[in-house]
Structures are given as structure tokens and as C-alpha cells.
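# Topology and contacts: notes
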Amino acid sequence: VVIVGDTVQLADSDAWIDLGAIAKGYIGDRLVEFLVGRGVAGALIDLGGDVVTFGSRQDGSPWRIGVREPVAGSSELIGVLEVSEASVISSGVYERQLVVDGVSYHHILDPFTGMPACSDVVSATVVADSAVLGEGLSTIAVLFGSELAAGLFERTNGFIGAVLVLENGDVLEFGDVRLIR
Amino acid sequence: LKSNKFWLLILGGIVVLSAVAAMLLGHVQSSYALIYKDNVLTDTVNLSSVIEPYNIDVLGSGGVNILKIERGRIRMSRANCPDRICVRQGWKSGGITPIVCLPNRVVVTFDGIGSGVDIDAVVG
């Protein structure tokens, strides 16, 4: 990796950077800036599975965001999060899978091995004060597991809370969020 | 043995009748369509109790919208707005996504079983 100022380049011409993990969040954060700049008092931006909010509902109550259960094709919720002025970002290994010779490979890849992540977390929903931060933290939780994520959550500025669903079905809550069931 | 056959027939009959009842009654969940014009609620339709299909004409601030209503579902069938995104949304039976005609300021939201009442969005 060649770093010059704020520019990053990969030395290997066959490699490229995939911004899939954070692009939606980055766009969400820029949309918030745009809308606030135009005098909008509050909005919920649904980026298709990820949500960015600022302000609150018209009646002043917090936004209510449902968290889907981590089962492919399911529309069931495991609970609802109430948030204001925050992004709610999910990463999971239960959608977007490729099956080859009966083995399924999901889309979140471990940068150290190039293989799909293999941790105890099947779904991570992070509430953070910016969408890009939420994208980063939720992807890391799925990549490296609940133990590493718990430590990272604690020492990250801008982290508000998280809900992790583990492989064994356990639902863990972190920080300042409560999953209303 | 005869008595056993009799009770088996009765039991079989109950199973068949239950299955038919479940097919007829269980098919349509209770769901209400709330129709707003210029942010004001103008109509509430219990979709599960609709017997004959009918239309509702909504004269919004920007033009005319025609809602088509059948048992368990509703759609925007015609609109004089420029893009007709509302018409392309097709039939809806509930859920958290409303039917919206932004140019004419007509909105249809859903309330009731399976509608995700009081939820603004879903992640995951």
C-alpha cells in the first residue's frame, strides 16, 4: 500500500479497493450535510438496510427502527431501536451468499485471508453518530467476533450502541441502546 | 370396528372443514389502508372486509389520483402526475412502505397486523 498525503494506492495493479463496506454510509453522511445545509429540521434516510437519521419525528418522539432477524429472506423483527440524531447500520453474513459445490460463501471477506469472515457474529447492528463509523464497526464485528468488537466499541468516539446476534442465537446489547421486543 | 370407522370419518371431516376454513378466512389478514391528501386523513379502508372491488377518486392539490381497492389489497391505478411512480408501486396489502404520489400529495399508509405499526424503517 502506497500512502501519499491523503491518497492511498495499491502497488499491485491486479488489486483494487472495494468500498462496498462503507460507501453507503459515506453517501448517507453527505446527504445529511446537504439536507441540514438546506434548512431541513429532521429526516430519516433509508439506504436500503442501513438508516441515517437527524432531528426527530414530527411529534418530537425518536425514530423507531426495526432490526430484522438474521435469516435469509425473513421479514421478521427481533426488536425495535429508538434513536435520534444517529445512524443505524447493519452488517450480516446471512444475505448475499454464493453457493459453490454445496458450500455457501458470504460477501464479508477477511482482509487477512481473502476468505469469507468466520466469527461468532452473524449480524451486527451499530448505532453511531456517523454512518461511516457505523459501517466500519458493524463490519469489524462480523469479521472479528463479539469479544474484539466489545473492546472496540468501548474505546471508539462516536459509538452509541450495538446489537449483535450470535451464531448460537444469543442477542447481545452494548452501549446506550435497548432493543424493544 | 364399526364405531372406530365412524369416529375416523368424523375426525377426517373436521380436518377437511378446518383446512377449508383456514384457506378461506386465514388468507386475508386484518389491515387498514389510511388515505391522506395534503397530510390530512381523508379515508380509512378495512382491506380485509372489502367484498366487491371499488375505486376511490382522490382530488389532491396537484391533480387526480384513482385508488383501486380489492379484498386485502389496494393500488394506485391512475394518476395524472408526471412520473407515475405511485402507479408503478402496484398492489400493496400492508407493510411499512407507503404508496406515495409526491406531486399530488396523496399518501396511503397501512395499519394493522403485519404492517410494522409505528416503525419508521427496518435495518438488517
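Everything quoted here is computed from the prediction, not taken from an experiment.

## Digging into the overall build of chain B
Looking only at helices and strands, one finds 2 helices and 8 strands in chain B. In chain B, the succession of helices and strands from N to C terminus is α-β-β-β-β-β-α-β-β-β. The buried share among the 124 residues of chain B stands at 30%. Counted over contacts in chain B with a minimum sequence separation of 6, partners at least 24 positions apart contribute 32%. Carbon and sulfur atoms make up 61% of the accessible area of chain B, which amounts to about 7,700 Å² in all.

## Some details on the packing of helix 2 (residues 131–144) of chain A against helix 3 (residues 146–154) of chain A
Residues and elements named next belong to chain A. As a packed pair, helix 2 and helix 3 sit with axes 7 Å apart at the nearest point and diverge in direction by 150°. Here helix 2 is positioned roughly antiparallel relative to helix 3, judged by the angle of their axes. Between helix 2, through L137, I140, A141 and F144, and helix 3, the contact on the second element is made entirely by S146, L148, A149, L152 and F153. The residue inventory of the contact of helix 2 with helix 3, partitioned by class, reads 8 nonpolar, 1 polar and no charged.

## Regarding helix 3 of chain A
For the α-helix, the turn length of 3.6 residues means that residues three or four positions removed from each other point alike. Residues and elements named next belong to chain A. Burial in helix 3 covers these residues: S146, A149, L152 and F153. Along the long axis of helix 3, the arc covered by the buried residues comes to 125°, so they all point the same way. The exposed residues of helix 3 that point more than 90 degrees off its buried face are E147 and E154. Considering only its buried residues, helix 3 is in contact with strand 10 (121–128), helix 2, strand 11 (159–166) and strand 12 (171–175).

## Topic: the interface of chain B and chain A
The partner chain A presents 19 residues to the 7 residues of chain B that form the contact. The junction of chain B with chain A conceals about 1,100 Å² of combined surface from both sides, 52% of it contributed by carbon and sulfur atoms. Sorting the residues of chain B by area buried against chain A places D120(B), V123(B) and G124(B) first, and these three jointly supply 54% of that buried surface. At the junction of chain B with chain A, the criterion picks out 1 salt bridge. Residue D120(B) pairs with R57(A) through a salt bridge whose shortest N-O separation is 2.9 Å. The tally of links from chain B across to chain A stands at 6 residue pairs in polar contact (both at pLDDT 80 or more). Here the residues of the side of chain B that touches chain A sort into 4 nonpolar, 1 polar and 2 charged. The pairing of strand 5 (residues 63–68) of chain A with strand 8 (residues 121–123) of chain B spans 3 bridges and is parallel.

## Considerations on the pairing of strand 10 of chain A
All names here are of chain A. Of all the 8 residues making up strand 10, 8 are buried; the element is thus mostly covered by neighbouring parts of the structure. Bridging between strand 7 (residues 87–92) and strand 10 involves 6 bridges; their strand directions are antiparallel. Bridged to I89 within strand 10 is V126.

## So, the packing of helix 1 (residues 23–37) of chain A against helix 2 of chain A
Residues and elements named next belong to chain A. At their nearest, the axes of helix 1 and helix 2 sit 7 Å apart, and the two run at 160° to each other. In this view, helix 1 runs roughly antiparallel relative to helix 2, as classed from their interaxial angle. Considering only the axes of helix 1 and helix 2, their crossing is right-handed. Contacts between helix 1 and helix 2 involve K24, G25, Y26 and D29 on the former and, on the latter, A131, V132 and E135. For the contact of helix 1 with helix 2, the residue count by class is 3 nonpolar, 1 polar and 3 charged.

What counts and how
- Residues numbered from 1 in each chain as written.
- Chains lettered and ligands numbered in written order.
- Predicted model: local features only at pLDDT ≥ 70, side-chain atom pairs only at ≥ 80, totals over all residues.
- Heavy atoms only, no water.
- Helix = DSSP H or I, 4+ residues; strand = E, 2+ residues; numbered from the N terminus.
- Buried < 20%, exposed > 50% of the residue type's maximum accessible area, 1.4 Å probe, protein only.
- Contact = heavy atoms within 4.5 Å.
- Areas by Shrake-Rupley, 256 points an atom, 1.4 Å probe, with all protein chains shown as cover.
- Axes fitted to C-alpha atoms, helices over the stretch in contact; angles between N-to-C directions.
- Parallel < 35°, antiparallel > 145°, perpendicular 65-115°, else oblique.
- Nonpolar A, V, L, I, M, F, W, Y, C, P; charged D, E, K, R; others polar.
- Arc of directions from axis to C-beta.
- Buried area = accessible area lost by both parts, 1.4 Å probe.
- Salt bridge = Lys/Arg side-chain N within 4 Å of Asp/Glu carboxyl O.
- Polar contact = N/O pair within 3.5 Å; in protein donor to acceptor, adjacent residues only side chain to side chain.
- Pairing = 2+ DSSP bridges.
- Left-handed = near helix turned anticlockwise from the far one by under 90°.

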